[in-house]
Amino acid sequence: MMKVSYALNKVLTAVARRHLMKDRLTDDDIAGHAVSADERTALTSGDIGTLYELGANPYLIRRVFRSRFKI
Amino acid sequence: MAEVVAAALTSHAPLVTGKPDVSKPEMRDRLYAGFRELQRRLAAARPDLVVMFVNDHLQNFPYSNMPAFCVGLADGYDAPSAGGATLMRLTPRRLDGRPAWGTALLEAGLAGGVIDFAYSYEMDPWDELAVPLSFLMPEATLPIVPVYTNCAAPPLPTMRRCHTMGGFVGSFIRTRPEHERIALVATGGISHWVGTPQTGRINSEWDHWVLDHIARADLEPLLSLTHDEIERDGGNGGQEIRNWMAVLGAVPGWKGEALAYEPVAEWITGCATVWVHP
């Protein structure tokens, strides 16, 4: 079964529901969410590959970081 | 007695209508022709109601509350909403729901102990309704009842469980005393990778394998597929063929005639339109 990070999906859902698309998240976007250090780094650098590996849902990755995708 | 008078399977992707100009024109035209033929056949079947087997893309259900199956009990559904309309290049519109019908289905599932559906009085649909229905119901003349299956946030219900769920819906329809003509439409799939490191990949060989089995009503190899096998060969978007299994479960023995299949790279989706008939 694929890895699931509730913390990552919670913060990405919160951003997506504000209809925001980001190149990278800010500390303000993440404030109040219990993400790990690795998760924080991936969010603030917009590292979509690492976010996937850490258990972020790919539909949420796509919605929030749409500009990071070539297609 | 109520009866199933039509069944169809289609893909959904926002770019099908949102960016028609970026695809190869001949592929787009063949797919659009497949949608139009589905629309013609659906209209000829004269349904009173369309039951839509679809999936959320984390628009509605968060990780704090994720149903496997959810019946829509809303009075209406934006297909698309004003926000989605811009991306999908469609006119915003609202389709009527049939909450009483959905409630009857929900209660039958709970009473029979077969399927414990969740339910929702308010949904925010995305392309799963708007894009295919822009072709199949260009005029908003028919009410819909959506049945949402979790195809996007693993762990997911098994393919066989989705087939069983559809079988229950089919039985529910056929035991209703009302004279109703019901159409069943599933949307999603076939192969596509969305938001993963393989975003943009399409596996047309697997797509044809899926379509060939549906054409023969040879479902056992499909129902035996595991989550990981689908993820490997069909991508996370390929998990949406659970919706197709539900419709096929509702009409045992019916066969799927692929009217169009186009692996449209620019829309990152293996796109199909399938008419299902006895």
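Here is a short report on the structure shown in this document. Every value quoted in this text rests on a predicted model; they were computed, and no experiment measured them.

## Observations concerning the overall build of chain A
Stage number 1. Each helix and strand in chain A was counted, giving five helices and zero strands.
Stage number 2. Each helix and strand of chain A, placed in order from N terminus to C terminus, yields the pattern α-α-α-α-α.
Stage number 3. For 71 residues, the compact-globule formula gives about 11 Å, and the C-alpha radius of gyration of chain A, at 11 Å, lands near that figure.
Stage number 4. By principal-axis analysis of the C-alpha atoms, chain A measures approximately 30 × 30 × 20 Å.
Stage number 5. Considering only contacts in chain A between residues 6 or more positions apart, those separated by 24 or more positions represent 52%.
Stage number 6. With an accessible surface of roughly 3700 Å², chain A has 52% of that area assigned to carbon and sulfur atoms.
Stage number 7. Distance from the positive charge centre (12 side chains) to the negative charge centre (8 side chains) of chain A: 8 Å.

## Regarding the environment of B:Pro132
Residues and elements named next belong to chain B.
Stage number 1. Along the chain, the position of Pro132 falls in helix α5 (residues 127-136).
Stage number 2. The exposure class assigned to Pro132 is buried, which follows from its relative accessible area of 0%.
Stage number 3. In this structure the C-alpha to C-alpha distance between Pro132 and Pro47, which are 85 residues apart in sequence, comes to 17 Å.
Stage number 4. Ignoring any residue separated from it by four or fewer positions in sequence, one finds Pro132 in contact with Thr10, Ser11, His12, Phe35, Asp127 and Thr187.

## Remarks on empty space enclosed by the protein
Stage number 1. Taken as a whole and assessed by the stated rule, the structure comprises two cavities of 30 Å³ or more.
Stage number 2. Here the largest cavity defines a volume of roughly 70 Å³.
Stage number 3. In this structure, the largest cavity is lined by A:Met2, A:Asn57, A:Pro58, A:Tyr59, B:Cys151, B:Ala152, B:Pro154, B:Leu156, B:His227, B:Glu231, B:Asn236 and B:Gln239.
Stage number 4. Within the residue set of the lining of the largest cavity, elements represented by two or more residues are α5 (58-64) of chain A together with α9 (227-238) of chain B.
Stage number 5. With three residues, α9(B) is the largest single contributor of residues to the lining of the largest cavity.
Stage number 6. Residues of the lining of the largest cavity, tallied by class, amount to seven nonpolar, four polar and one charged.
Stage number 7. What the second largest cavity holds in volume is close to 50 Å³.
Stage number 8. Taken together, B:Asp56, B:Leu58, B:Phe61, B:Met66, B:Pro67, B:Tyr148, B:Thr149, B:Asn150, B:Cys151, B:Ala152 and B:Ala153 form the lining of the second largest cavity.
Stage number 9. Split into classes, the residues belonging to the lining of the second largest cavity amount to eight nonpolar, two polar and one charged.

## Points about the interface of chain A and chain B
Stage number 1. Taken together, the 16 residues of chain A in the interface contact 26 residues of chain B.
Stage number 2. Buried surface at the junction of chain A and chain B, summed over both partners, amounts to about 1900 Å²; 64% is from carbon and sulfur atoms.
Stage number 3. Summed over the shared surface of chain A and chain B, the number is zero salt bridges.
Stage number 4. Of all the elements, α5(A) adds the most residues to the side of chain A that touches chain B, at six residues.

Criteria and cut-off values
Residues numbered from 1 in each chain as written. Chains lettered and ligands numbered in written order. Predicted model: local features only at pLDDT ≥ 70, side-chain atom pairs only at ≥ 80, totals over all residues. Heavy atoms only, no water. Helix = DSSP H or I, 4+ residues; strand = E, 2+ residues; numbered from the N terminus. Rg over C-alpha atoms; globule rule 2.2 N^0.38 Å. Contact = heavy atoms within 4.5 Å. Areas by Shrake-Rupley, 256 points an atom, 1.4 Å probe, with all protein chains shown as cover. Lys, Arg positive; Asp, Glu negative; His and termini not counted. Charge placed at Lys NZ, Arg CZ, Asp CG, Glu CD. Buried < 20%, exposed > 50% of the residue type's maximum accessible area, 1.4 Å probe, protein only. 1 Å grid on protein atoms, 1.4 Å probe; cavity = no way out; pocket = protein on both sides within 12 Å on 5 of 7 lines; lining within 4 Å. Points joined across faces, edges and corners; volume = space filled by probe spheres on them. Nonpolar A, V, L, I, M, F, W, Y, C, P; charged D, E, K, R; others polar. Buried area = accessible area lost by both parts, 1.4 Å probe. Salt bridge = Lys/Arg side-chain N within 4 Å of Asp/Glu carboxyl O.

The values reported here are purely geometric and, on their own, carry no functional implication.
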